[in-house]
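# Examining the three-dimensional arrangement
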Amino acid sequence: MNRNDLISIGILAKRTGLAVSAIRYYEERGLVVSVRTGGNQRRFLRSDIRRLSFILIAQKLGLGLADIENELATLPDGRSPTLLEWQRVSRSLRKEIDSRIQLLTRTRNTLDGCIGCGCLSLDRCALMNKEDRAGAGGTGPRYVLDQA
Ligand code: FES
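Attention in this report is confined to the structure presented alongside it.

Conventions used here
- Residues numbered from 1 in each chain as written.
- Predicted model: local features only at pLDDT ≥ 70, side-chain atom pairs only at ≥ 80, totals over all residues.
- Heavy atoms only, no water.
- Helix = DSSP H or I, 4+ residues; strand = E, 2+ residues; numbered from the N terminus.
- Buried < 20%, exposed > 50% of the residue type's maximum accessible area, 1.4 Å probe, protein only.
- Arc of directions from axis to C-beta.
- Contact = heavy atoms within 4.5 Å.
- Pairing = 2+ DSSP bridges.
- Axes fitted to C-alpha atoms, helices over the stretch in contact; angles between N-to-C directions.
- Parallel < 35°, antiparallel > 145°, perpendicular 65-115°, else oblique.
- Left-handed = near helix turned anticlockwise from the far one by under 90°.
- Nonpolar A, V, L, I, M, F, W, Y, C, P; charged D, E, K, R; others polar.

Along the chain, the position of Ser53 falls in helix α3 (residues 48-60). Overall, the relative accessible area of 25% leaves Ser53 in the partly exposed class. Distance from Ser53 to Ala19, taken between C-alpha atoms, is 13 Å for residues 34 residues apart in sequence.

The structure is reproduced here in structure tokens:
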């Protein structure tokens, strides 16, 4: 097996866990491109498993399809992207991933205490957010949303 092998949409769906209808949808949006065999069968490059896996990961990170399209648009069509091309995509996403890691870390570290939301409903709010001083920094749970 190698990355330039042509595989069916069924194998692509089985390995990625995506529905065939979802793969067709991504194909309609140009996120993956199929080729037709001499027998007019739709086939995909085996390396499209990675493109679709990238879409799955990016969606779990909360990225929208438009952002994902922008990233995948930098990859070549009709051939397997090189490692360098994938590294370019991952570099571009790294800033987004880092800021989500920071948000998740702040959330994990503050969620069982005062999050600076203005409710003043916990005993420790009186200490951590006296008279809702966090509200001066803006709306929402400031101790989670504010960049440290
Ligand atoms: S948790 Fe809401 S102000 Fe402290």
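Further notes follow.
Of all the positions in helix α1 (residues 9-16), only Ile9, Leu12, Ala13 and Thr16 are classed as buried. An end-on view of α1 places all buried positions within 95° of arc, on one side of the element. Along α1, the residues that are exposed and aim more than 90 degrees away from the buried face are Lys14 and Arg15. At its buried positions, α1 is contacted by β1 (6-7), α2 (20-28), β3 (42-45) and α3. Residue Gly17 follows α1 closely and has a positive phi angle near 85°.

Another aspect to go through is the pairing of β3. One ladder, built from 2 bridges, connects β1 with β3; its direction is antiparallel. Pairing of Leu6 across the sheet is with Leu45, part of β3. Where strand β2 (residues 35-36) and β3 come together, 2 bridges link them in antiparallel fashion. Following the sheet pairing, Val35 is matched in β3 by Arg43. From the end of β2 to the start of β3, which pair antiparallel, there are 5 residues, and Asn40 there has a positive phi angle of about 60°.

Below, the discussion takes up the packing of α1 against α3. Contact geometry of α1 with α3 gives a least axis separation of 10 Å together with a crossing angle of 45°. Overall, the two elements α1 and α3 adopt an arrangement that is oblique. In this structure, α1 meets α3 at a crossing whose hand is right-handed. Of α3, the residues touching α1 (which contributes Leu12, Arg15 and Thr16) are Asp48, Ile49, Leu52, Ser53 and Leu56. Of the residues belonging to the contact of α1 with α3, the class tally is 4 nonpolar, 2 polar and 2 charged.

Shape is all these values report; function is a separate question.
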